[in-house]
Structures are given as structure tokens and as C-alpha cells.
Amino acid sequence: MKPPPFAYARAATLGEALALVAEAGDEAKLLAGGQSLLPLLSYRLARPTHLVDIGRLPGLDGIDPSGGGLAIGGLARHAAVERSAGLAGPWRAVREAAALIGHLPIRERGTFGGSIAHADPSAELPVVALALDAAFVLRSAAGMRTVPAAEFFTGPFMTVIDPAEVLVRAEFPAPPPGLRSAFEEFTARSGDFALVSAAVALAPGEDGAARHVRIALGSVGPVPVRAREAEASLDGAALTPDAAAAAARIAAAEAEPGEDAFAGAAFRRDLVAALVERALTRLIDETDEGGRP
């Protein structure tokens, strides 16, 4: 199928892009990597009258894990995130999630900000962003604002982004000492959308117990969710396989997945338990070995 007609403009600067989308209003769509938007256009599920191409804007593709926290530009390609050697320890889940997005050609073109803004309930990066307490910096001609990941996603393919705003970067706060993370997902085939995904983070305390536990789940609802009861069950507990298994069961019990043509609710709950336990077990094993992921 062919997309509907639209006006096209390639912005040379962020200021020009902001002016173009402000002028076109609700009828404009931003084009970055195009891996989500172009199929929607082809199937005529999206009918913008204006496309503003921001894919070549300078300075928005950085990946900076220095300075304590982590900043990832909205135009950072998934493949660049996947290959970033600096994304280890607390940021490993970001790299692991990026490596599981679609296939290599998609990762070479798709962008970090595009995936976040598209807000697919089965996408990998929103889950990691929620688990690691990220916030998203949005720019418009009127100014700038920062929105925490927990407040950013409002429904399937829906966010708080105004049509006149551009997601310029994601900011991850400085982690507590010793924090490490992991990401797991289950797909029917390599490159498919996840039936369930899980991002997990924790930091071993001086007493060997789990601290700063984070468990976020994808594909179990309209937006990524935190498994807060499971987090509470593990926070302060000894880092043992039994504790990991118990937390995983609690995460599965508090998840509220729906049913579709790909999987039923009961199967998705089983996947939650399996993936959370797998991710926690990896972190516990690395703690026991004294290694660094």
C-alpha cells in the first residue's frame, strides 16, 4: 500500500524543527528513524498532512554514561546503544534491551527517542526506562520540560508529548553504589514483539541483602508497569535463589495481562515468573562471583 499525500520538510536545526511542527500543529508528525511511522503511513493508520524529518539533526544522538548518570539522545540509533561499551553495570539492561529490538536493519535505523515516543506496549526501551527511573526531556518552541518515565506513558501508543514537542534525550539518574541491571524477554520468533519482557535492577547492601530493587514489566498491560509488591518482597532479603523465585511468583500474581491472538493471560503470567526469576538469578549469580556485568 502507499501512504496518503503529505508535505515533507527536512529540518537542519532543532529550532527549525520546532518551528515547523508548531506551524503545522496536530497535523504534523516527526520522522526520525521511521521504523514505526513508515509502516503506519503505508497502511494509512496515520494520515499526517506534514512530515518533519529530524533524522539528521546534530547533537541529539549522544550516549553519555559519564558524570554519574546516563544521558541518551533522542536520535541515538538502537545499534549504537547496543554496541556502547560504556553501558555496563547499572546500564546493562539498556544495552540488552536495545540488542533485542527487531532485526539489525531496524536497529541501524530506529532511534531511542522514536521507540519511547511510539509507546508500543510491547517495546523494550520503555520498560527499561521505567525500571531505571529515567526521565524524558521534551523541547518545544515555548521551552523545555522533563517528564519522569512513570508519568510519561498514558496508554497504548499514547504519551504526554504535545504535538509541538520533540523528545531530545532520556536522562537516567546516578545509580546507588553497586547497582546492576538485566533485561529478559520472550518472543515467538527472533525479532518479533515481546510476549512479555522484564527489566530488573538491584544493589547488594553491605549485609549482602538486596537493596534498591526495581522490577518493571512489558506486554502485560497498556503501559509498562512496576511490580511493586515483588520489589518490596525482595528489598532487604538475602540474595538467594529462593528469594528470587518468591519475588518472581509475586510479580506474576500482581501482573494483569490481557489476552490476544498471540498469548493468553495465564501464559503471560507464567512468562512473567520465568523471566523475572531468570533476570534476578543472573544478578544474584554475578554477586556471588564478585563479578561485574
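Notes on the structure in this doc start here. Residues take numbers from 1 onward in each chain, read along the sequence in its written order. Per-residue local features are limited, in this predicted model, to residues with pLDDT of at least 70; the limit for side-chain atom pairs, both in listing and counting, is 80 or more; totals at the level of whole chains, interfaces and linings are taken over all residues. To obtain the side-chain values, all non-hydrogen atoms of the structure were used and water was disregarded.

Here we look at the overall build of the protein
When you go through the protein residue by residue, the secondary structure sums to 11 helices and 14 strands. Computation of the radius of gyration draws on C-alpha atoms alone. For the globule rule, the value is 2.2 Å times the number of residues to the power 0.38. Taken over the C-alpha trace, the protein has a radius of gyration of 19 Å; the compact-globule value for 293 residues is 19 Å, and the two agree within 12%. Across its three principal axes, the protein shows a C-alpha extent of roughly 60 × 45 × 30 Å. Looking at the protein as a whole, 50% of its 293 residues qualify as buried. Taking as baseline every contact in the protein between residues at least 6 positions apart, the subset at least 24 positions apart corresponds to 62%. Counting only carbon and sulfur atoms, one obtains 54% of the accessible surface of the protein, whose full area is about 13,100 Å². Just so you know, the count uses Lys and Arg for positive and Asp and Glu for negative, and it drops His and the chain ends. Charge coordinates come from a single atom per side chain, which is NZ of Lys, CZ of Arg, CG of Asp or CD of Glu. Between the mean site of the 27 positive side-chain charges and the mean site of the 36 negative ones, the protein shows a separation of 6 Å. To qualify as a helix, a DSSP run of H or I must reach at least 4 residues; to qualify as a strand, a run of E must reach at least 2; elements of each kind are numbered from the N terminus. Remark: exposure states derive from per-residue accessible area (1.4 Å probe, protein chains only) relative to the maximum for the residue type, with buried under 20%, exposed over 50%, and partly exposed in between. Every residue pair with non-hydrogen atoms within 4.5 Å of one another is taken to be in contact. For the area figures, the Shrake-Rupley method with a 1.4 Å probe applies, and any residue is considered shielded solely by the protein chains shown.

Concerning the sheet that holds strand 1 (residues 7–10)
Read from one edge of the open sheet, 3 strands run 1-3-2, paired in parallel fashion. Pairing within the sheet leaves two strands with one partner each, and these edge strands are strand 1 and strand 2 (28–31). Strand-to-strand, the axes of this sheet are offset by a mean angle of 20 degrees, without reference to chain direction. When strand 2 meets strand 3 (residues 50–53), the two strands line up parallel, connected through 4 bridges. If you follow Leu31 over to strand 3, its bridge partner there is Asp53. A pair of strands is treated as paired once DSSP finds two or more bridges between them. Axes here refer to lines fitted to C-alpha atoms; in helices the fit is confined to the stretch in contact. Angles between the N-to-C directions go from 0 to 180 degrees.

Looking at the environment of Arg92
Along the chain, the position of Arg92 falls in helix 4 (residues 92–99). Judged by relative accessible area, which is 6%, Arg92 ranks as buried. Residues Arg92 and Glu82, spaced 10 residues apart in sequence, show a C-alpha to C-alpha distance of 9.5 Å.

Observations concerning the pattern of salt bridges
Between Lys or Arg on one side and Asp or Glu on the other, a salt bridge is scored when a side-chain nitrogen of the former is within 4 Å of a carboxyl oxygen of the latter. By the definition in use, this model includes 17 salt bridges. Here Glu108 makes a salt bridge to Arg83, at a shortest N to O gap of 2.6 Å. Separated by 25 residues along the polypeptide, Glu108 in helix 5 (residues 104–109) and Arg83 in helix 3 (residues 78–83) bring together distant segments of the chain. On the basis of relative accessibility, which here comes to 35%, the residue Glu108 falls in the partly exposed class. For Arg83, a relative accessible area of 52% puts it in the exposed group. If you follow the salt bridges from partner to partner, you end up with Arg92, Glu96, Arg180, Glu184, Arg278, Arg282 and Glu286 in one network.

Points about the sheet that holds strand 10 (residues 166–172)
Overall, antiparallel pairing links the 5 strands, which are arranged 4-5-10-6-7 in an open sheet. The open sheet terminates on both sides in strands that have one partner only, identified here as strand 4 (63–64) and strand 7 (143–148). In this structure, strand 4 lies alongside strand 5 (residues 70–73), joined through 2 bridges in antiparallel fashion. Residue pairing in the sheet places Ile63 in a bridge with Ile72 of strand 5.

Brief notes about the side chain of Ser84
Position of Ser84 relative to the elements: it lies in the loop between helix 3 and helix 4. Beyond its immediate chain neighbours, meaning those up to four positions away, Ser84 contacts Ile63 and Arg95.

Quick notes on the packing of aromatic side chains
Between rings of Phe, Tyr and Trp, where Trp is taken as its six-membered ring, a pair exists when centres lie within 6.5 Å; planes separated by under 30 degrees are stacked, by over 60 edge-to-face, and by other angles tilted. For the structure shown, the criterion picks out 5 aromatic pairs. Feature note: the residues Phe136, Phe152 and Phe153 constitute an aromatic cluster, connected by ring pairs.

Some remarks on the environment of Glu165
Topologically, Glu165 is positioned in the loop between strand 9 (158–159) and strand 10. Glu165 gets classed as buried once you look at its relative accessible area, which sits at 8%. Taking the C-alpha atoms as reference, Glu165 lies 6.0 Å from Leu138; in sequence the two are 27 residues apart. Apart from residues no more than four positions distant in its own chain, Glu165 is found in contact with Leu30, Leu138, Arg139, Ser140, Arg145 and Val160. N or O atoms closer than or at 3.5 Å make up a polar contact, with two conditions inside protein: a donor-capable atom paired with an acceptor-capable one, and, for residues adjacent in sequence, both atoms drawn from side chains. A polar atom in the side chain of Glu165 sits 2.8 Å from the backbone nitrogen of Asp162.

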